[in-house]
Amino acid sequence: MLTELTFAILKYGFLALLWVFAFLAVRSLHKDVESLSPKPSRARRHKERRARRESHAAGRPRPAAAPQAAAQPHAAGDPTLLVIIDGPLAGTSVPLNRDTITLGRSASNDVVLDDEFVSSHHARVVRDQAAGRWVIEDLGSTNGTIVNNQRLGTPTVLPARVPVRIGATTFELR
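As annotated in an unreviewed UniProt entry, the protein chain is FHA domain-containing protein from Bifidobacterium pullorum subsp. saeculare.

Below you can see the structure in the form of C-alpha cells.
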C-alpha cells in the first residue's frame, strides 16, 4: 500500500513539474515575441500622452497629424546626430561625421548594442553621396531592423525623426 501511494505521489509530482515547465516555456516565448513586437518608444508615448492632455485641457480634439507636422520643419534640415531615444543606451548621441555608422553587438561597431536580440554586425547607416541623404541597411540580422514600425527588407532612406528599433534599442536621426 505504501509503495502504491509513493508511486502515485511521484507520478502526480512529475505531472505537476511537467506543467510548470510547459508554463515557463510558454511565458518565455511570449516575452521574446512581446519584446520584438513593434511598439512606440517611451519618448513618443510621452509626447502622445502630453498632446492628449493638452487637447483635453483645451476642450477640442487635436488632429492626429499635428505632432508630426510640428517636427517637419526640423526634419527638413540635414541630420547631424544619431540619437538613442529608448533602451539601455537612451540619451546617447553619435555625431554623423562619417559616411558609415555601424550598429551591432561586436566591439568593432561604431554603436555597440549589448543585447541578445542584436546580431554582431546588425545594421549600418550610410550617407548616400549622390542624393545627400542617409540610408539604413540591415546586414542580414536574425531578428531584423524595424523602421517606423515596418521590418526592413531593403536599404531604405532614413529621414530625420523616424524611429528605428534594433532589439531593445530605439534611435532616430536628428
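**Student:** Even after reading the chapter, I still don't get the sheet that holds strand 2 (residues 93–95), so can you show me in this structure?
**Tutor:** In a beta sheet, neighbouring strands pair by backbone hydrogen bonds and run either parallel or antiparallel. Here we have six strands laid out as an open sheet, ordered 2-1-11-10-7-8, and antiparallel in their pairing. A strand with exactly one partner marks an edge of an open sheet, and here the two such strands are strand 2 and strand 8 (150–151). One ladder, built from two bridges, connects strand 7 (residues 146–147) with strand 10 (residues 164–166); its direction is antiparallel. The residue bridging Ile146 from the neighbouring strand is Arg165, located in strand 10.

**Student:** Help me understand unusual backbone geometry in this model?
**Tutor:** Most peptide bonds adopt trans geometry, and most residues besides glycine take a negative phi value. Unusually for a residue other than glycine, Asn148 sits at a positive phi of about 55°. Structurally, Asn148 can be placed in the loop between strand 7 and strand 8. You will see that Arg161, though not glycine, has its phi angle at about 65°, which is positive. Looking at the secondary structure, you find Arg161 in the loop between strand 9 (156–157) and strand 10.

**Student:** I'm lost on the nonpolar core in this one. Help?
**Tutor:** Side chains of a nonpolar character, in soluble globular proteins, are inclined to be buried together. Leu82, Val125, Ile136, Ile166 and Phe171 are the most contacted members of the largest nonpolar core, which totals 21 residues. Residue assignment for this core shows that the elements contributing at least two residues are strand 1 (81–86), strand 3 (100–104), strand 5 (123–128), strand 6 (133–138), strand 10 and strand 11 (169–173).

Procedures and definitions
Residues numbered from 1 in each chain as written. Predicted model: local features only at pLDDT ≥ 70, side-chain atom pairs only at ≥ 80, totals over all residues. Heavy atoms only, no water. Pairing = 2+ DSSP bridges. Helix = DSSP H or I, 4+ residues; strand = E, 2+ residues; numbered from the N terminus. Core = buried A, V, L, I, M, F, W, Y, C linked by side-chain atoms within 4.5 Å. Buried < 20%, exposed > 50% of the residue type's maximum accessible area, 1.4 Å probe, protein only.

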